[in-house]
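Close look at the chain arrangement
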Amino acid sequence: MTIQRQQKIELAIERLAYGGAGVGHVAGITVFVQGTAPGDHVRARVTKRRAQHAEAEVMEILEASPMRREPPCPLVGDCGGCRWQHIPESEQIAAKEAIIAETFEHLGRIPHGPIEPIQASPEPLRYRNKMDLTFGRDEAGNLTLGFHRAGHFDQVIDVPHCLLQPESFDAIVAVFREHARRESLEPHDPRDHSGFLRSVIVRGGKATGETLAILLTKTGDLPGRDRLVEELRTACPKLRCFLWGINDAKADIAQVERVAWTWGEPVIHDRIGDQTFAISPMAFFQTNTLATETLYRLTRDALDLTGEETLLDAFCGTGTIGIFCAPRCRQVLGVELHLPAVQDARRNAADNGLKNCTFLAGDVRQTLPLARQVARPAINRVVVDP
């Protein structure tokens, strides 16, 4: 038996693969099927055929896995994110541990010892401190603000509520959506690059509640911007900044090329452990604040710091890992390409009363010799988080 594109097949799902697809076999061919769970028996349609594997979409679940649950979000399947919501968190963790082992053993062929258990996020929902949403149109031609439809770069589904973001973000997104519709603003079309509106970025401090909203458009006029700010402030009393940024690039990337207008102070603050961090609009900061504290604590413990070490924090962003470890180091050196993030890192070290941190702006490969010259004594611990 051979498998061809558009062929209908039946298969049992054996496990989950990296990226969330279920894995089964038909006629000796590995088949990846999104939206399935181990133990499912499904009827599916083949969408892609490769030499060694195939991809398929679910047509019908003939027999549901005992682990399958009703996803908490009604947009699962249409939205391109949250591929595993139909599986309980405990089963997700077990699957991810198995994927890590397989990555080392079968794909990388790298010998390894026991894999440490995955530490679950303290909050499975509403945990994100940053969200990027895209403007688009639905099938009826109505303006939407949400996420790309699964498998479609040119379709954006409207997302009035996202269970990954704080409810205050929902309120901010609703203001942007209503303003765009009221002013009859055109969303950017990735097919012919027409339109004005591109995306909305919302950032918030988990511990502080401080919020920053960014509107990305192409070059043009933003009517009613003062009214927009007032409505945003009403919807989110802890809004510290609204930034209108311009991006005329063809690539659909949420990046500010230049700032057109700003209201408020373009910085928010959050806390990891007992340390406070300033975050500028486009600087990198881990998106799950509470889980980040767990991650950094495990990282610090793994470094086995005694207070005599010089730690290199490569690709350091706003300096969070190095600053978190700094009280147990002789010296911390951070290297980061994005200059605003380096400026945040320097300010974060000073605000936390740390005098043993030095942050350098530049490409890690080119700046490492300078970092080695600055090190006192030689660098003997390295954290790499690219």
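To keep things clear, this report deals only with the structure shown in the data block.

**Regarding the overall build of the protein chain**
Per the secondary structure count, the protein chain includes seven helices and 19 strands. Along the first, second and third principal axes, the C-alpha atoms of the protein chain reach 65 × 60 × 35 Å. Per-residue burial over the protein chain gives 43% buried out of 386 residues. Expressed as a percentage of contacts within the protein chain between residues at least 6 apart in sequence, the contacts between residues at least 24 apart total 57%. In the structure as shown, the protein chain presents an accessible area of about 19400 Å², 51% of it carried by carbon and sulfur atoms. When the 45 positive and 50 negative side-chain charges of the protein chain are each reduced to one mean point, those points stand 3 Å apart.

**A look at the sheet that holds strand S5 (residues 41–49)**
The pairing of strands in a sheet comes from backbone hydrogen bonds and takes either a parallel or an antiparallel form. Taken in spatial order, the six strands of this open sheet run S1-S5-S6-S4-S3-S2, and their pairing is mixed. Strands at the two margins of the open sheet, each flanked by one partner only, are strand S1 (8–12) and strand S2 (15–16).

**Points about the pairing of strand S7 (residues 130–137)**
Buried residues dominate S7, accounting for six of its eight residues. Bridge analysis of S7 against strand S10 (residues 197–204) gives five bridges, and the strand direction is antiparallel. Residue pairing for S10: Thr134 is matched across the bridge by Ser199. The pairing of S7 with strand S8 (residues 143–148) spans four bridges and is classified as antiparallel. Looking across to S8, one finds that Gly136 is bridged to Thr144. Connecting S7 to the antiparallel partner S8 that follows it, the hairpin turn spans five residues, and Gly141 within it adopts a positive phi of roughly 90 degrees.

**Looking at the nonpolar core**
Grouped together as the largest cluster of nonpolar side chains are 33 residues, with contacts concentrated most on Phe135, Phe176, Leu197, Leu215, Leu232 and Phe242. Of all the elements in the fold, those that place two or more residues in this core are S7, S8, helix H2 (167–182), S10, strand S11 (211–217), helix H3 (225–235) and strand S12 (239–246). The element best represented in this core is H2, accounting for six residues. When neighbours within four sequence positions are excluded, Phe176 is seen to be in contact with Phe135, Leu145, Val200, Ala213, Leu215, Leu228, Leu232 and Phe242. If you look at the next biggest cluster of nonpolar residues, it comprises 32 residues, including Ile214, Cys241, Phe277 and Phe324.

What counts as what
Residues numbered from 1 in each chain as written. Predicted model: local features only at pLDDT ≥ 70, side-chain atom pairs only at ≥ 80, totals over all residues. Heavy atoms only, no water. Helix = DSSP H or I, 4+ residues; strand = E, 2+ residues; numbered from the N terminus. Buried < 20%, exposed > 50% of the residue type's maximum accessible area, 1.4 Å probe, protein only. Contact = heavy atoms within 4.5 Å. Areas by Shrake-Rupley, 256 points an atom, 1.4 Å probe, with all protein chains shown as cover. Lys, Arg positive; Asp, Glu negative; His and termini not counted. Charge placed at Lys NZ, Arg CZ, Asp CG, Glu CD. Pairing = 2+ DSSP bridges. Core = buried A, V, L, I, M, F, W, Y, C linked by side-chain atoms within 4.5 Å.

Geometry only, nothing functional implied.
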